[in-house]
Amino acid sequence: MPVEGWLYGLLGLMILGSLITLEMKDVLGSIVAVGIVGLLLALCFLLLQAPDLAVVQFIYEIPSVIILVMAFAGREKDAPEQKRNLLSPVLAGIVLLPLLVVGYFALRELPSFGGPLLRVAARYLARGAGETGAVNLVTAILLDYRVYDTLGEATVIFAGILGAITIIRKVGRKG
Amino acid sequence: MEREEGMTLIVKTITRFTVWLILLYGFYLIMHGHLTPGGGFAGGLVIGLSFIHLTLAYGRDFVRRRVKVELMHALEATGSLVFLLLGLVGLVTSGVFFLNFLGHGEPFTLFSAGYIPLLNLVIGLKVGAGLYLAFYYLADYRPGEGK
Amino acid sequence: MGLYFMSFILFAVGLYGVLVKKDLVKIIIGLTIMGYGVNLFLILIGYRREGLYPILEKGRAAAAMVDPLPQAMVLTAIVVELAVLALLVSLAVRLYEKYRTHDITKIRRLKG
């Protein structure tokens, strides 16, 4: 079966899984379901010939599920969705349906699946190994051609973790 | 409470072997980042996960006595600083920010690609220490009890 | 084209979770699903038919490879999502401590 068939199947499963995640009443169940959607995404990355990303997505999924379970799993079942009012899904539908329609017309303008533009990446593919000496071209782009973006990313991760630590710290520093 | 003491004896015995293997795998992913899929981010997360594995198996207080949290803070800050300094070296010597100043070497070997292995190592330390710190401070909370 | 639209539907499911749900946990999960949808869309754009992964090997010449540029950007995006998730979860834990509920309508009504 060509890769598109597999991708349609996996994407259908992911959409179904995310709907189940959002509608489930049990917190632990919905966290496990979002973990499963993430693992299906790692499979999609593997089929799309992106092994770096499959590894990173798989390894990101595990601490994400751990953090969510640690913070939310033992709460009392106070069931916040008591009244199912009809107004907010209707309003959300009013927002989302034009978004989907505009998205459909916009996505038709893109190059078809399987024929990317490769204006900049053609040069990276052709001369990446020679200019940087690295064989893994994704690493060569991340750490040689576009290393300024990686500096920005390292700073954002640092600031995010620092913010999380500051908010959740029980005792401040002494002195 | 029983919860602080970690898991059963079987889990603790197996953790004694697997935590080193996980750490080794993390370093492998970091150091071979320019040859195989992986890189600094994946390897750093795996290193953080090895510490989380240790904490989950042995209990919070046991690990907190042995792995000092100031060391983790220092590793994370040092990682960011060394990353920036490696860029500034290029700026100071030849006017180009983030110049690849080490030699290229032979392709397909470990010591190739200039300073990319160094950058991978620094990023790996930073991300791993950051993940462990976020987990460390989050582990104080149980949603059932509260303040 | 159908694949692009399906990943957009995944993004819209996450957006529905953020807009409609009253539970903080569901809102965080909706944000995560939106992130998945966007990352998948970027990698779908870069796929070349009969392309191979962008890592050179000894036996293989520089064959037709998929686009490595969106892969580098998405790798960045995935790890930044982890830091953002840590921040969101710490905010949610603090809110739960103060208001004893995860329901955002009740959090609005209680005064400090």
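Residues numbered from 1 in each chain as written. Chains lettered and ligands numbered in written order. Predicted model: local features only at pLDDT ≥ 70, side-chain atom pairs only at ≥ 80, totals over all residues.

Visitor: For the overall build of chain A, give the residues involved together with the corresponding values.
Guide: Along the backbone of chain A there are seven helices and zero strands. Starting at the N terminus and ending at the C terminus, chain A contains elements arranged as α-α-α-α-α-α-α. Taken over the C-alpha trace, chain A has a radius of gyration of 22 Å; the compact-globule value for 175 residues is 16 Å, which it surpasses by more than 25%. Principal-axis analysis of the C-alpha atoms gives chain A an extent of 60 × 55 × 30 Å. Looking at chain A as a whole, 37% of its 175 residues qualify as buried. Counting only contacts in chain A whose residues sit at least 6 apart along the sequence, the fraction spanning at least 24 positions is 38%. (Helix = DSSP H or I, 4+ residues; strand = E, 2+ residues; numbered from the N terminus. Rg over C-alpha atoms; globule rule 2.2 N^0.38 Å. Buried ≥ 20, exposed ≤ 12 C-beta atoms within 10 Å, placed from the backbone. Contact = placed C-beta atoms within 7 Å.)

Visitor: Please set out the overall build of chain B residue by residue, giving values where relevant.
Guide: When helices and strands are tallied, chain B shows five helices and zero strands. Each helix and strand of chain B, ordered N terminal to C terminal, gives the series α-α-α-α-α. Taken over the C-alpha trace, chain B has a radius of gyration of 19 Å; the compact-globule value for 147 residues is 15 Å, which it surpasses by more than 25%. For chain B, the spread of C-alpha atoms along the principal axes amounts to about 60 × 35 × 25 Å. Each of the 147 residues in chain B was classed as buried or not, and the buried ones make up 41%.

Visitor: Please provide a residue-by-residue account of unusual backbone geometry, values included.
Guide: Keep in mind that most residues, glycine aside, have a negative phi and that most peptide bonds are trans. Notably, Gln-49 of chain A is not glycine yet its phi reads approximately 60 degrees, a positive angle. With respect to the helices and strands, the residue Gln-49 of chain A is situated in the loop between α2 (27–47) and α3 (51–72). Phi angles above zero are rare outside glycine, and Arg-100 of chain C is one such case at about 60 degrees. Residue position: Arg-100 of chain C is located in the loop between α3 (68–99) and α4 (104–109).

Visitor: Quick one: what's the story with the interface of chain B and chain C, residue by residue and with numbers?
Guide: Residue-level contacts link nine residues of chain B with nine residues of chain C. Grouping the amino acids of the side of chain B that touches chain C by side-chain chemistry returns seven nonpolar, one polar and one charged. (Nonpolar A, V, L, I, M, F, W, Y, C, P; charged D, E, K, R; others polar.)

Visitor: So what's going on with the interface of chain A and chain C? Which residues, and what values?
Guide: Contacts between chain A and chain C engage 78 residues on the former and 70 residues on the latter. Where the side of chain A that touches chain C is concerned, the elements lending two or more residues are α1 (3–23), α2, α3, α4 (87–107), α5 (121–132), α6 (137–145) and α7 (147–168) of chain A. Considering every element that reaches the side of chain A that touches chain C, the biggest residue donor is α3 of chain A, with twelve residues. Partitioned by chemical class, the residues of the side of chain A that touches chain C number 54 nonpolar, 15 polar and nine charged.

Visitor: Before we move on, can you summarise the confidence of the model for chain B with the specific residues and values?
Guide: All names here are of chain B. In the predicted model, chain B carries a mean pLDDT of 84, and the fraction of residues at 70 or more is 93%. When pLDDT is averaged over each element of chain B, helix α1 (residues 9–31) comes out on top at 92 and helix α3 (residues 60–66) at the bottom at 85. Among the scores for the predicted complex, ipTM is 0.89 and pTM is 0.89. (pLDDT = per-residue confidence, 0-100.)

Visitor: Describe the environment of Arg-16 of chain B, and please don't skip the residues or the numbers.
Guide: All names here are of chain B. You can see Arg-16 is positioned in helix α1. The class of Arg-16 is exposed, set by 12 C-beta atoms lying within 10 Å. When the C-alpha atoms of Arg-16 and Ala-57 are compared, they prove to be 9.5 Å apart, with 41 residues separating the residues in sequence.

Visitor: Can you lay out the domain arrangement of chain A for me, pointing to particular residues and giving the numbers?
Guide: Split into domains, chain A comes out as domain 1 (1–73) and domain 2 (118–175). Here the C-alpha centre of domain 2 of chain A lies 23 Å away from the C-alpha centre of domain 1 of chain A. (Domains from an automatic or database assignment.)

Visitor: Pulling in residues and values, what's your account of α1 of chain A?
Guide: Under the 1.5 Å per step criterion, the end-to-end length of α1 of chain A is 30 Å for 21 residues, consistent within 8% with the ideal 30 Å. Among the residues of α1 of chain A, those classed as buried are Leu-7, Leu-11, Met-14, Gly-17, Ser-18, Thr-21 and Leu-22 of chain A. Taken end-on, α1 of chain A shows its buried residues confined to a sector of 125 degrees, consistent with a single buried face. Exposed and facing more than 90 degrees away from the buried side of α1 of chain A are Gly-5, Gly-9 and Gly-12 of chain A. Those residues of α1 of chain A hidden inside the fold are in contact with α2 of chain A together with α1 (2–20) and α2 (24–45) of chain C. (Expected span 1.5 Å × (residues − 1). Arc of directions from axis to C-beta.)

Visitor: Account for α6 of chain A, with residues named and values stated.
Guide: Burial runs high along α6 of chain A: eight of the nine residues are buried. Here α6 of chain A has its buried residues at Leu-137, Val-138, Thr-139, Ala-140, Ile-141, Leu-142, Leu-143 and Asp-144 of chain A. In this structure, the buried side of α6 of chain A is in contact with α3, α5 and α7 of chain A, α5 (116–138) of chain B together with α3 of chain C.

Visitor: A description of the confidence of the model for chain A should follow, citing residues and the corresponding values.
Guide: Across chain A, the average pLDDT comes to 85, with 91% of residues at or above 70. Looking at the elements of chain A, mean pLDDT is at its lowest for α5 of chain A, recorded as 78, and at its highest for α2 of chain A, recorded as 92.

Visitor: Lay out the nonpolar core with the relevant residues and their values.
Guide: Counting residues in each nonpolar core, the largest one holds 120 residues, and the members touching the most others are Val-56 of chain A together with Leu-75 and Ala-86 of chain C. With 16 residues, α3 of chain C is the single largest residue contributor to this core. Both domains that meet at this core, namely domain 1 (1–73) and domain 2 (118–175) of chain A, each give it at least three residues. Look past the residues within four positions of Ala-86 of chain C in its chain and what remains in contact with it is Ile-67, Gly-160, Ile-161 and Ala-164 of chain A together with Ala-134 of chain B. (Core = buried A, V, L, I, M, F, W, Y, C linked by C-beta atoms within 7 Å.)

Visitor: Provide a residue-level description of the packing of α1 of chain A against α2 of chain A, including the pertinent values.
Guide: Residue and element names in this part refer to chain A. α2 packs onto α1 with a crossing angle of 165 degrees between their chain directions and a minimal axis gap of 9 Å. In this view, α1 runs roughly antiparallel relative to α2, as classed from their interaxial angle. In the crossing of α1 with α2, the sense of the turn from one axis to the other is left-handed. Contacts between α1 and α2 involve Val-3, Trp-6, Leu-7, Leu-10, Leu-13, Met-14, Gly-17, Ser-18, Ile-20 and Thr-21 from the first element and Ser-30, Ala-33, Val-34, Ile-36, Val-37, Leu-40, Leu-41, Leu-43, Cys-44 and Leu-47 from the second. The residue makeup of the contact of α1 with α2, split by class, is 16 nonpolar, four polar and no charged. (Axes fitted to C-alpha atoms, helices over the stretch in contact; angles between N-to-C directions. Parallel < 35°, antiparallel > 145°, perpendicular 65-115°, else oblique. Left-handed = near helix turned anticlockwise from the far one by under 90°.)

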